[in-house]
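# Structure at a glance
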Amino acid sequence: MQNLRKKVEEYFAQFGIPKKAFKHFEFLERGSSIWLVSKDLKKVEGFNIQTFGLRILHTTKWGLKPTSFALQFFAPYIKKRICSVNERELLDLIKGKPLEKSMEAGYVALKFRGKIIGCALSDGKMIRSQLPKLLMQIFTELLETTDKI
Amino acid sequence: MVKETLYRYKDIIPDFDTFLQAIKSRRITTVRWNPHKVARKELIEELKECFAHVESISWYKDGFRLGYVEKPGKTLYHALGHYYIQEESAMAAALALAPKKHSLVLDMCAAPGGKTTQLSALMENTGTVVANDKAIARLKSLVANVSRLACVNVIVSWNDATKLDTSERFDYVLVDAPCTAEGNLQNKITLMPRETRETLSSLQKALLKKACELTKPNGTIVYCTCTFAPEENERVVAAILEEQEVKIEKIGISVPHEKGLESFGKEFYGEELKKAIRIYPHHLNSGGAFIAKLKKKG
Ligand SMILES: C[S@@+](CC[C@H](N)C(=O)[O-])C[C@H]1O[C@@H](n2cnc3c(N)ncnc32)[C@H](O)[C@@H]1O
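Below is a short write-up of the structure. What you see is a predicted model, and the numbers here were worked out from it, not measured in a lab. (Residues numbered from 1 in each chain as written. Chains lettered and ligands numbered in written order. Predicted model: local features only at pLDDT ≥ 70, side-chain atom pairs only at ≥ 80, totals over all residues. Heavy atoms only, no water.)

### A closer look at the overall build of chain A
Basically, it comes down to this: Secondary structure elements are taken from DSSP: a helix is a run of H or I of four residues or more, a strand is a run of E of two residues or more, and numbering for both begins at the N terminus. Only C-alpha atoms enter the radius of gyration, while the globule expectation follows 2.2 Å times N to the 0.38, with N the number of residues. Only protein chains enter the accessibility calculation, which uses a 1.4 Å probe; a residue is then buried when its area is under 20% of its type maximum, exposed when over 50%, and partly exposed in between. Contacts are residue-level and defined by heavy atoms, with any inter-residue pair within 4.5 Å sufficient. Residues scored as positive are Lys and Arg, those scored as negative are Asp and Glu, and His as well as the terminal groups of each chain are ignored. Every charge is mapped to an atom, namely NZ of Lys, CZ of Arg, CG of Asp or CD of Glu.
Each helix and strand counted, chain A has four helices and ten strands in total. Put simply, chain A runs from its N terminus to its C terminus through helices and strands in the order α-β-β-β-β-β-α-β-α-β-β-β-β-α. The C-alpha atoms of chain A give 16 Å as radius of gyration, which agrees with the globular expectation for 149 residues (15 Å, within 12%). Overall size of chain A, expressed as C-alpha extent along the three principal axes, is 45 × 30 × 30 Å. Looking at the 149 residues of chain A, the share that counts as buried comes to 50%. Intrachain contacts of chain A at a sequence separation of at least 6 include 52% that bridge at least 24 residues. Computed over 27 positive and 15 negative side-chain charges, the inter-centroid distance for chain A is 4 Å.

Following this line, the structure appears as structure tokens:
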């Protein structure tokens, strides 16, 4: 358990998220996913469980990857690895078009209109969206249909 | 098959004409603050930025009326989970259950998660809410809402709640039962066939019976629907009061409502049922709701 906490804290430190951001929570590792759960979450028996709390990390063949919802949740603490995008750039990213931006390689937090909205991947020169389908759908609709975003 | 209309409720709904009028009129959009993602004060600013009219609901300060809005979900703040779009009448059941922080809660019929996310908020993201639903297709939206709103105290499960086989016992159980949803009839006054109502009534009774079984002694159960039919409301609760070790309690929230019914036609449910509440569309310019709160004997 302590090891898992250490693993999560160390991973998110690259975004500037301090340890104290996690102090009210616990973690669960199931398969390739790490979930953020309440401190006193009861692992109930006899239920066909689909999800626990909020999925914050999962393991890929290249290592750990943060979820967009995790970056949104810890947004107030994120100080590093931020990639700010405008409307046009966000739409391009969502459409699968990489964005030319030189940033240190690895996962970055996408910022739009002053808010952290999710995850993207930098290879050093280009940024690619890692937003889940659900968020891509939400942002596409938002960008295409309203000016009040 | 005889097509019944809302006129079957003429004698039990006071201000029946106002009620009929409200059924036909356009409803005010209401949203609920999600404390897991944003401060309340900040949300108010965000809502004001997006909508012309923002007013806190008098009986529930964390709910907001936005007036008549076309697309309340098309904002960045909704995408980020700062608020949940929920009918005002649907905000009452979780408040009636009033789960304490750190408790163990079961939401038996949870998808798409309106009440689950509200329970999670009321518990300040502590303890456990098991959000269960039988329909796999609806679980997707439940998981999406739980993720968007960052409810870290929610476990999503996929079970037929009537067949749950678990040794867990809960402090609080919410049964937001599948129903004929007459409270959501807009512009229509023709009801679902009587047979549908009767089938649902049996399922509702089975769900509530299971809820009683899974509740700890002295634990609380809330049964609710969004329909007017007494067969799906008072009849279900009256049957359970008769056969289970539970008693009905007063609901301590100040939402405008009428009392539950003692009887309907030839059916007699008992005076105790007056402790349940009925919210009609004209009360809030919202949907309809029936809510009963039960306590399991110690
Ligand atoms: C009124 S809706 C629930 C709305 C939800 N509580 C909310 O606030 O967003 C009723 C739900 O009951 C589910 N349901 C129907 N039969 C069920 C059963 N036997 N076990 C569990 N869920 C069931 C339906 O799939 C449906 O999602």
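### Regarding helix H1 (residues 2-13) of chain A
All names here are of chain A. Where we set the bar: To estimate the expected span of a helix, subtract one from its residue number and multiply by 1.5 Å. Relevant arc is that of directions from the helix axis to the C-beta atoms, nothing else.
With twelve residues, H1 extends 16 Å from end C-alpha to end C-alpha; this agrees with the ideal 16 Å at 1.5 Å per step. Three or more residues of H1 are buried, namely Leu4, Arg5, Val8, Glu9, Tyr11 and Phe12. Take H1 and look down its axis: the buried residues cluster within an arc of 165°, on one side only. Away from the buried face of H1 by more than 90 degrees, exposed residues Gln2, Asn3 and Glu10 are located. Structurally, H1 contributes buried residues whose contacts are with strand S1 (25-30), strand S2 (33-38), strand S4 (54-60), strand S5 (63-66), helix H2 (68-73) and strand S8 (106-112).

### Some points on the site of the ligand
All names here are of chain B. Applied cut-off: By convention in this text, a residue qualifies as near a molecule or strand provided that one of its non-hydrogen atoms is within 4 Å of it. Distance and chemistry together define a polar contact, namely a pair of N or O atoms within 3.5 Å, with one atom able to donate a hydrogen and the other to accept it when in protein, and with adjacent residues in sequence counting only for side-chain atoms on both sides. Accessible surface area values rest on a Shrake-Rupley calculation with a 1.4 Å probe, where residue burial reflects the displayed protein chains alone.
Neighbouring residues of the ligand: 19 residues in total, closest Gly114, Asp133, Arg138, Ala161 and Asp176. The backbone of Lys115 places a nitrogen or oxygen atom 3.1 Å from an oxygen atom of the ligand. In the model, a nitrogen atom of the ligand is placed 3.3 Å from a nitrogen or oxygen of the Lys134 main chain. In isolation the ligand offers 610 Å² of accessible surface; the protein chains occlude 87% of this area.

### Points about the sheet that holds strand S2 (residues 55-57) of chain B
All names here are of chain B. Using the following cut-off: Between any two strands, at least two bridges found by DSSP are needed for them to pair. Each axis is a line fitted through C-alpha atoms, taken for helices only over the stretch in contact, and angles between the N-to-C directions span 0 to 180 degrees.
What the four strands build is an open sheet, ordered S2-S3-S1-S4; its pairing is antiparallel. Looking along the sheet, the strands with just one partner apiece sit at the ends: S2 and strand S4 (83-85). The average undirected angle you get between the axes of adjacent strands in this sheet is 40°. The pairing of strand S1 (residues 30-33) with strand S3 (residues 60-65) spans three bridges and is classified as antiparallel. Residue pairing for S3: Val31 is matched across the bridge by Phe64. Against the sheet, helix H2 (residues 40-50) touches S1, S2, S3 and S4, its axis set at about 10° to S3.

### Details of the pattern of salt bridges
All names here are of chain B. Put simply, the test is: Salt bridges are defined as contacts in which a side-chain nitrogen from Lys or Arg sits within 4 Å of a carboxyl oxygen from Asp or Glu.
Per the counting criterion, the structure on display carries 35 salt bridges over all chains. Residue Glu55 pairs with Arg65 through a salt bridge whose shortest N-O separation is 3.8 Å. Of this pair, Glu55 sits in strand S2 while Arg65 sits in strand S3; the two residues are ten residues apart in sequence, bridging distant segments of the chain. Relative accessible area serves as the criterion here: at 18%, Arg65 is assigned to the buried category. The residue Arg65 makes a salt bridge to Glu88 at a minimum N-O spacing of 2.7 Å. With Arg65 in strand S3 and Glu88 in the loop between S4 and helix H4 (92-97), this residue pair connects regions lying 23 residues apart in the sequence. Comparing Arg65 with Glu88, the two get one shared label, buried. Through salt bridges with shared partners, one network takes in Glu4, Arg8, Arg197 and Glu231.

### Structural notes on the environment of Asp123(A)
All names here are of chain A. Note on placement: Asp123 falls in the loop between strand S9 (115-122) and strand S10 (126-129). Residue classification places Asp123 among the partly exposed residues on the basis of a relative accessible area of 45%. Asp123 sits 18 residues away from Ala105 along the chain, and the two C-alpha atoms are 4.5 Å apart. With sequence-adjacent residues up to four places away left out, Asp123 is seen in contact with Ala105 and Arg128.

### Some details on the nonpolar core
To be explicit about the condition: Residue types Ala, Val, Leu, Ile, Met, Phe, Trp, Tyr and Cys, when buried and joined through side-chain atoms within 4.5 Å, form a set referred to as a nonpolar core.
In this structure, Tyr9(B), Val175(B) and Leu208(B) are the most contacted members of the largest nonpolar core, which totals 53 residues. Tallying contributions element by element places helix H7 (residues 194-214) of chain B first for this core, with five residues. Residue contacts for Tyr9(B): discarding those within four places in its chain leaves Phe16(B), Glu182(B), Leu191(B), Phe228(B), Ala229(B), Pro230(B) and Phe264(B). Grouped together as the second largest cluster of nonpolar side chains are 51 residues, Ala70(A), Leu99(A), Ile127(A) and Leu135(A) included.

### Section: helix H5 (residues 114-122) of chain B
The periodicity of an α-helix, 3.6 residues per turn, causes residues three or four places apart in sequence to face the same way. Buried residues dominate H5(B), accounting for eight of its nine residues. For H5(B), the set of buried residues is Gly114(B), Lys115(B), Thr116(B), Thr117(B), Gln118(B), Leu119(B), Ser120(B) and Ala121(B).

The quantities given are spatial measurements derived from coordinates; they are silent on function.
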